[in-house]
Each structure stands twice: as structure tokens, then as C-alpha cells.
Amino acid sequence: MVKIKFQNVRKVYNGTDVVDNLNLEVATGKFTVLIGPSGCGKTTTLKMVNRLVDPSAGEIFIEGKNISDLNPVDLRRRIGYVIQQIGLFPNMTIAQNIEVVPRLLHWPKQKRLDRTAELLSMVGMDPQQFMNRYPSELSGGQQQRIGVLRALAVEPPILLMDEPFGALDPITRESLQDEIKKLQMKLGVTVLFVTHDMDEAIKLADMIVLMREGQVEQAASPEKLLSDPVSDFVQEFIGKKHLPTNYDVESVWEIMNPNAVTIAKTKGINESIALMNKRNVDSLIIVDENRKLEGIVSVEEIRAAGRQESRIRRIGDLGIRQVPTINIHSQARDAFDLIVNENPRFIVAVDDEDIVYGIVTKTSLVKALAGVVWGDETDV
Amino acid sequence: MDELISKTLSHLFISLGGVSISAVVGITLGVLLTRISFLSAFVIGFSEILQTVPSLAMLAILMMFFGLGNPTAMMAIFLYSLLPVVRNTYTAMRGVDSSLLEAGKGMGMSRWQLLFLVEIPNAFPVILSGIRVSLITAYGIVTIAVLVGGGGLGGYIYRGTQTVNIGMILKGAIPICLMAVGTDFLLNKVEKKTSIEKRGK
Amino acid sequence: MSDLPIFLQRNWGTFVNALGTHLKLSFSAVAIGICIAVPTGILLTRFPKAAKKVLAGVGVLQTVPSMVMFGLAMPLLGIGIRTALVVLIIYSILPILRNTYTGISEIPEKYIIAARGMGMNGFQMLMRVELPLAGSVIISGIQLSAVYIISWTTIAALVGAGGLGDLIYTGIMTYNYSMILLGAAPASILAVLTSLLIGWLARIATPRGLRM
């Protein structure tokens, strides 16, 4: 079901299109988040819903009614509105602030009182304690809780929130996010929420609308947006930390040690020995000019070769042993099984073309496991 | 014509004289108050009450001590100007960004250097606006001071009202208005020019 | 000065008369000034571009010394209370007008956005948000205006309006210090008390949530 529908909506300020041919449908009872870089038109889009801004062209429908046919003052009384700067009226008590819209709608006194008490209890604030206080006596987090309650006072079917938690400290923000999500699900209210914080959007949204230069770049559920971004812009905006890391099963790529000691097969024996001493290893991975795996050579084999034959021979000409390998895209579990079952000193991690990317050793496995257990992000 | 010019000049000089005394005393007092701030409420409160006294009443009372003539007018100007100058100096000095003071201290400025190189230059536009208000008030006081034997252009207006002579009234009124409007315009411009915020932009 | 009681007795009627005229003139001027300036100030907040010009114009008017204004008004309006009242009303307007305008236009935008977003119409916004929040600034404009007007009313004696200025003026002309004081002292006390009274009113008129 569609609650709010934008149809070819444009908004022009000083000759620039802030919102440019926007088409969007916001579903009833869902939590929809508008997100995008600053200047993308998300706040303007929000403000067009309660006609604080009127579109230059196009139509906006709420439950099928064109809002340009409605009286803006009546419209706003039926739509909750929460702003970043909170804007509780400092001359009014908490109760008076919550009762602003009920008063505008001429609710009787007892009904207003009951509703205010009910709302305060809903967010765990004792009505007796808070009703007669003034906003300046409350913390920022408490003030914005009241800001949300004030917007919900007459049970509006739609709640507009314009970066409501942007000015709060991270801990308060988290708890208000939890609360608004709970309230939204409990009341079934349709929320349209503006933010520039992707974490917040992912946490709260049923649908994320990513905007760019006044248009919708992608509108999708958080999972869909993360797993299937439609453009580089979306990918970039989502940012690295939200890229699918897939999750329960890690790949070899993530658990290998990328600092494998490799040497080109054309190098000499002396050079190989020097490299081994320098890096303090007892085997070298021999690769060709493209880092393609040739084999490995151990320090014993080099010494043996040195005793028998001329020392100027290339390392690649030594008897190269076959070596256990694993594809970097394989699951970490396979590498684990291989190491446990065959007990090699290490496994070489290669791609489909045998290019060497690293090695998996018992140590690198343990480190990767530690990272999973303790949430440590140290390099493996 | 000569008389008009000399009266205009004396009007201007009596006003400037009174305001100058008050600027010297007021700025000093304002700066001192920032160092002994517990006195500030008392001093500013007292000059607020002075400011409230109607100007004709003030002139008449002062006349009882200083006699007829310009000293009474200058004394009245001095007393009226005290509040705008002291208060503006005090609040402007206290309003100087503390990071500027720290920067000054950090560079090794002495207290006097801090005062003259950082605090006063930063507070200057606000102090000047106090002086502007004082000067415009002063023109009005000198006008009224004709009643206590002061010189200046008030004489034309007074005689004009007694004889219902509009020409005579205008002879006094026009130069006074020009002086007041001109002073307001000019000093406003200087204030804007010396204001640090504007300078940066 | 030793015959002060006799002096007071002899002039008591004149004094009461002058004080009454002074109060009537000042009070009417400020009251009418409020009735003109507050609505005009509110109106100006709706037309900020025009407001700049109007306020600048009224500001220039304010720099004109009071005696000059009385002098200019007299040939046009004649001698008497009417002239005095017109001039005093003109003077009383500016501080109130300016404070009403700045008081309302300096209300932080968030309150205006919140009020509009919640569906208040213009009148509701004015009564519930703008006037309460600008109230103390408007009242301090009235305070300033009242103090000025009490002062200028003393000068209104020049155009034959009477009041305490009359006593001062007569005292100066006749070198009668007692007469001067009989006008000057009450005028000063009146100004100081009025200022204190309005200041106190401003404080109790400030909503509790703003009194920190």
C-alpha cells in the first residue's frame, strides 16, 4: 500500500534543480529513510510532504489525495514533524509542548492530559516528574524524546523526521534510534526519515532511498542496497565498512598471510640464500615473472645443490617440489581442513591462474580465529 | 552668519568636550571594572540611574552647583555619557575571545601589551558605538542647556519658540539635525570598518 | 531652605497639578506609542525588506534632539498639550518599534520551523510562540521609551504643555532653587521608579522556562 507518492516532482531554487523529477513511493507503516550527500535534496523532499516547501512542478499524493488541494495548516496538524534542532518551545512546560497540536485541534483537557501521560510513560519518563518541567531543565536526549512525543501526540499516520538525532552524542543517539524503531513498529506509523548517516539508515530503515542531485539513485531494502548496489556512486556512498563481508564463513583471502616470501625463478642461489637469511624463513616460494606459482624450495635443498654443483645456477633449475595450494576464494574452512589433515608447513594461496597472493599457516589460522572470537581486526 | 557659525562651533565643541572627558574617564573605568568585576554591577547600576534622570532636571540641579553657563552643560554631558561608555567598554572587553587572550599570553605579551594590543583593539568598535550614542545625546543636552545659560544653537530655538518665529527655530534646528545625523552616519561607518568580523570578509 | 515647609505648603497645589499633567502626558504618549509601535513592529517582521528602510528612517528621527523637535512642531501645531503629545508619541514609538521588530526577528529559526511544521497558522504562531519569546525584549523597549518620555515631558513645558518641567523652568528663570528642586527631584524619582517598575514587570512577564 502506498502512503506517500511523489510524481515527477521538481523543486527549483535560484535556477538550480534541488529536486529534479523525483518519483518515489513510500509504503504505509514502513520506515523509509532518505539519505545522500548534502545538497542532494533529501530535506527539501521531506519538507514538501508537509508543505513547508511547495514543489515547482509535479504532484505529491498522500493516500491518493493531491496535497496541493489540502489546506497546509490542516495537513501539518495531521503529520508529525521532528527536526534536528529539536525546537521545544522554551516558554512552555514539557506537557504544554506535547499538547501543542492537541490544543490546536481543541481536544478536551482531560483527553490531552491522559495522552501526555501515556506518551511520557511510553518512553519511560515519569509523567509526574517531567510534565511541569521546562525544556531547559532537560538533557539533549530527553529533549529530543519529548520532540518525538510532541510529534506523535495526535497519533498522526505519518511522521517526518529531519536528521532528528544528528546533534546528539553517539550513545544517546543509539538509544533514541532503538526507541523510535520500537515506537514505529508498535504504532504502525509511516515514517519518512532524513539522515546522512548510513549506519543509522541501515539500522532503522525498511527501505533506504539514496538520493543524488535531486534524484533517486537507488531505493531498496538495506540488504538489497548493500548486496546489490546499482552504481559506483551507491557503492562509494555505502562505504567500505558496509560492503558485504559475508559473514559466517570467511574466505581464504581473509585468513591468509599476504606477506609470503617469493622469489623469481631466474634469481641465483646466492641471492636466494641472502633473502632467506634476511626474512628469516626456511623456504621460498618460486614464481615466474607474473608471480605465477612454480614451486617451493627449502634451505636444505639449496644447501645440497650448493655442495654438489656449480653455484651460479638459477634457483628455478633446482628440483622444485610440488606444494599444497588453495584458491583464495575458497572457504577458510577448507584451508583449515587441509592443514589439520595433511599437516603441511604451509599452503600457498593462489587465484584461478595460480598467481600467488599469500600463504596460510597454522599461525595465520589461529590469528584469524582470534579475530573472530575477540573481534580484533589485527592483520592476519 | 558669523554668529551662526560661531554658535554651531561652540555647540560642537561643548558636546565634544563633555564626551571627551567622559571617554577618558569611562574607558579607564570600564577597563578597571574588568579587573575588579565585583564593583561592576554597582558602578553600572549607578550610571544607569544617572542616565534615567530627565535632562532638564539634571541640568537644573547641576546649575545649583556649577552656576549658569557651559561648565554645567559639560558636566551634564559627562554624567550622561558615562553609562554608554563604561558599559560598552566593560562588556566589549569581557567579550574579547578568550583564545585571543591566550594566544597573546602564549606569545609572551605583558599585561599592558595584552591590553593595548589585543583587548582594546578588539573591543574598539563597541566602545566607539558607546561614544557615538553619547555624542548624539550631547547635542540634545547642549540645546537644552541654553535654559541654564549655555551657549550653542539652542538659543535660536528657544528665542524662536518664545516669539513663534519659524525662521529662527530653523536656524538652530537645521545645523543641529545635520550634526546629529552626520555624526551617526560617520561613526557608524568607522565602527563597521574597525569591526574585526567585517574586516575578515 | 529653612522655610521649605512653608514653601511646600504654598506651592503644593501647583506641584500636584504639574505632577498630574506630567503623568497624564507621559502615560498617554507611551500608551499610544505602544498601540502604534507593537502592531507596526509585528507587521514589519512580515516584510523584512521594508523593515530595514523603515527602521533606518525612524532611527534618523531619533537622533533629532527633543528640543529641536518641539521647536519644529510648535509653529505647525501651536502651543499647548496637543503639540507636546504629538511629539512625545513620535518619540515613544522608536524604541518599542525597534525592540518589537528585533525581538521577534531574532527568535531562533528552529522555533518557527517547529511551530509551522506542527500546523500553527500565522496568528497562533504570533500568540503562542513569537510574542511570548519576544516579550521581554518588547517590554524593555517600553521601559526605555517610558524613561525617555518622562524626560522629554519636562521639556514640553517650553511649548506650554505644563508638567514638572514648568516648575524647573520657572525656578531657573527666578533663581528659585526650591522651585527647581520641586520640579527636578520628583521628575527624577518618577523616571527611576518607572524604570524599576517596568523592569520588574519584564521579569515577572518572562516565562519560567526562559528565566535561567
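1. What about the overall build of chain C?
A count of helical and extended segments in chain C gives eight helices and zero strands. Along its sequence from the N terminus, chain C presents helices and strands in the succession α-α-α-α-α-α-α-α. In terms of its C-alpha atoms, chain C occupies a principal-axis envelope of roughly 70 × 40 × 20 Å. By the burial criterion, 53% of the 212 residues in chain C qualify as buried. Sequence separation of 24 or more characterises 77% of the internal contacts of chain C that already satisfy a separation of 6 or more.

2. Thoughts on the sheet that holds strand β9 (residues 207-212) of chain A
Residue and element names in this part refer to chain A. Read from one edge to the other, the open sheet built from six strands follows the order β6-β7-β8-β3-β9-β10, with strand pairing classed as mixed. Both outer strands of the open sheet, β6 (79-83) and β10 (215-220), are each paired with one neighbouring strand and no more. Direction aside, the axes of adjacent strands within the sheet are offset by 15 degrees on average. Across four bridges, strand β3 (residues 31-35) lies against β9 in parallel orientation. Opposite leucine 34, over in β9, you have valine 209 as the bridge partner.

3. What to know about the nonpolar core
By size, the foremost hydrophobic cluster in this structure holds 147 residues, and its most contacted members are Ile4 and Phe89 of chain A. Considering each element in turn, this core owes the most residues, 13 residues, to helix α4 (residues 70-94) of chain B. Leu88, Ala95, Ala201 and Leu226 of chain A belong to the second-largest nonpolar core, a separate cluster that totals 43 residues.

4. Regarding the interface of chain C and chain A
Contacts between the two partners involve 21 residues from chain C, matched on the other side by 25 residues from chain A. Around 2100 Å² of area is buried between chain C and chain A when both sides are counted, 65% of it from carbon and sulfur atoms. Together, Arg116, Met118 and Arg128 of chain C form the three largest contributors to the area buried by chain C at its contact with chain A, with a combined 28%. One can count zero salt bridges joining chain C with chain A. Taken together, the connections running from chain C to chain A amount to three residue pairs in polar contact (both at pLDDT 80 or more). Elements represented by at least two residues in the side of chain C that touches chain A include exactly α5 (109-117) and α6 (122-155) of chain C. In terms of residue count, α5 of chain C provides more of the side of chain C that touches chain A than any other element does, seven residues in total. Split into classes, the residues belonging to the side of chain C that touches chain A amount to 12 nonpolar, five polar and four charged.

5. Quick word on the packing of aromatic side chains
Taken as a whole and assessed by the stated rule, the structure comprises nine aromatic pairs over all chains. Here the aromatic rings of phenylalanine 89 of chain A and tyrosine 111 of chain C are separated by 6.4 Å at their centres, their planes lie at 45 degrees, and the arrangement is tilted. With phenylalanine 89 of chain A in the loop between β6 and α3 (94-98) and tyrosine 111 of chain C in helix α5, the pair connects residues from two separate chains. Judged by relative accessible area, which is 11%, tyrosine 111 of chain C ranks as buried. Relative to phenylalanine 193 of chain A, the ring of phenylalanine 165 of chain A lies with its centre 5.9 Å away and its plane at 55 degrees, an arrangement referred to as tilted. Linking phenylalanine 165 of chain A in the loop between β7 (158-162) and α8 (170-187) with phenylalanine 193 of chain A in strand β8 (residues 190-195), this pair joins segments that are 28 residues apart in sequence. Exposure class is identical for phenylalanine 165 of chain A and phenylalanine 193 of chain A. Each is buried.

6. A closer look at the packing of helix α1 (residues 4-46) of chain C against helix α8 (residues 177-205) of chain C
Residue and element names in this part refer to chain C. At a minimum axis separation of 11 Å, α1 and α8 run at an interaxial angle of 40 degrees. As the angle between them shows, α1 and α8 are arranged oblique. Seen from above, α1 lies across α8 with right-handed handedness. Residues Phe7, Leu8, Asn11, Phe15, His22 and Leu23 of α1 form the contact with α8, whose participating residues are Ser178, Met179, Leu182, Pro186 and Leu190.

7. What to know about the pattern of salt bridges
Residue and element names in this part refer to chain A. Taken as a whole, this structure holds 18 salt bridges over all chains when the rule is applied. Among the salt bridges present, the one from lysine 203 reaches aspartate 178, with a minimum N-O distance of 3.0 Å. Of this pair, lysine 203 sits in helix α9 (residues 198-204) while aspartate 178 sits in helix α8, and the two are 25 residues apart along the sequence. Given a relative accessible area of 31%, lysine 203 falls into the partly exposed group. Three or more residues joined by partner-sharing salt bridges are found here, namely Glu99, Arg103 and Arg112.

8. So, the sheet that holds strand β16 (residues 356-360) of chain A
All names here are of chain A. On the basis of which strands lie adjacent, the open sheet formed by three strands has the order β14-β15-β16 and mixed pairing. For this open sheet the edge positions go to β14 (325-327) and β16, each flanked by a neighbour on one side alone. The average undirected angle you get between the axes of adjacent strands in this sheet is 30 degrees.

9. Some thoughts on empty space enclosed by the protein
Under the definition given, this model contains three cavities of 30 Å³ or more. In this structure, the largest cavity spans a volume of roughly 90 Å³. Lining the largest cavity are Arg76, Arg77, Ile79, Gly80, Tyr81, Val101, Arg150, Ala151, Ala153 and Val154 of chain A together with Gly117 and Met118 of chain C. Counting only elements with at least two residues in the lining of the largest cavity, the list comes to α2 (72-77), β6 and α7 (140-152) of chain A. In terms of residues, the lining of the largest cavity owes the most to one element, β6 of chain A, which gives three residues. Grouping the constituent residues of the lining of the largest cavity by class yields seven nonpolar, two polar and three charged. Within this model, the second largest cavity holds a volume of roughly 50 Å³.

10. Notes on the interface of chain B and chain C
Contact with chain B, which involves 36 residues of that partner, is made by 32 residues of chain C. On the surface where chain B and chain C come into contact, there are zero salt bridges. Where chain B meets chain C, there are two residue pairs in polar contact (both at pLDDT 80 or more). For the side of chain B that touches chain C, the secondary structure elements donating two or more residues are α2 (40-52), α3 (55-66), α6 (111-144), α7 (154-163) and α8 (166-194) of chain B. Among the elements that take part in the side of chain B that touches chain C, α8 of chain B stands out by supplying nine residues, more than any other.

11. Quick word on the arrangement of the chains
The structure contains two pairs of chains in contact, of which chains B and C account for the largest number of contacts. Structurally, chain A and chain B remain out of contact, their C-alpha atoms never closer than 24 Å.

12. As for α7 of chain A
The first and last C-alpha atoms of α7 of chain A sit 19 Å apart over 13 residues, in line with the 18 Å expected at 1.5 Å per residue. The buried fraction of α7 of chain A is high, at 11 of 13 residues. Of the surrounding secondary structure, the elements contacted by the buried residues of α7 of chain A are β6, α3, α5 (109-122), β7 and α8 of chain A together with α5 of chain C.

13. Section: the confidence of the model for chain B
Summarising the model, chain B shows a mean pLDDT of 89, and 97% of its residues fall at 70 or more. At the level of individual helices and strands, chain B shows its lowest average pLDDT in helix α9 (residues 196-200) of chain B, which scores 50, and its highest in α3 of chain B, which scores 93.

14. Examining the side chain of threonine 63 of chain C
Within the element layout of this structure, threonine 63 of chain C appears in helix α2 (residues 48-63). Threonine 63 of chain C sits in the buried class, given a relative accessible area of 6%. Leave out the neighbours within four places in its chain, and threonine 63 of chain C touches Ile136, Ala180, Val181 and Asp184 of chain B.

15. Focus on the packing of α1 of chain C against α2 of chain C
Residue and element names in this part refer to chain C. Between α1 and α2, the least distance of the axes is 6 Å, while the angle of their chain directions is 130 degrees. With respect to their mutual orientation, α1 and α2 come out oblique. Contact residues: α1 offers Leu44, Thr45 and Arg46, while α2 offers Pro48, Ala51 and Val54. Classifying every residue of the contact of α1 with α2 gives four nonpolar, one polar and one charged.

What counts, and where the lines are drawn
- Residues numbered from 1 in each chain as written.
- Chains lettered and ligands numbered in written order.
- Predicted model: local features only at pLDDT ≥ 70, side-chain atom pairs only at ≥ 80, totals over all residues.
- Heavy atoms only, no water.
- Helix = DSSP H or I, 4+ residues; strand = E, 2+ residues; numbered from the N terminus.
- Buried < 20%, exposed > 50% of the residue type's maximum accessible area, 1.4 Å probe, protein only.
- Contact = heavy atoms within 4.5 Å.
- Pairing = 2+ DSSP bridges.
- Axes fitted to C-alpha atoms, helices over the stretch in contact; angles between N-to-C directions.
- Core = buried A, V, L, I, M, F, W, Y, C linked by side-chain atoms within 4.5 Å.
- Buried area = accessible area lost by both parts, 1.4 Å probe.
- Salt bridge = Lys/Arg side-chain N within 4 Å of Asp/Glu carboxyl O.
- Polar contact = N/O pair within 3.5 Å; in protein donor to acceptor, adjacent residues only side chain to side chain.
- Nonpolar A, V, L, I, M, F, W, Y, C, P; charged D, E, K, R; others polar.
- Phe/Tyr/Trp six-rings, centres within 6.5 Å; stacked < 30°, edge-to-face > 60°.
- Parallel < 35°, antiparallel > 145°, perpendicular 65-115°, else oblique.
- Left-handed = near helix turned anticlockwise from the far one by under 90°.
- 1 Å grid on protein atoms, 1.4 Å probe; cavity = no way out; pocket = protein on both sides within 12 Å on 5 of 7 lines; lining within 4 Å.
- Points joined across faces, edges and corners; volume = space filled by probe spheres on them.
- Expected span 1.5 Å × (residues − 1).
- pLDDT = per-residue confidence, 0-100.

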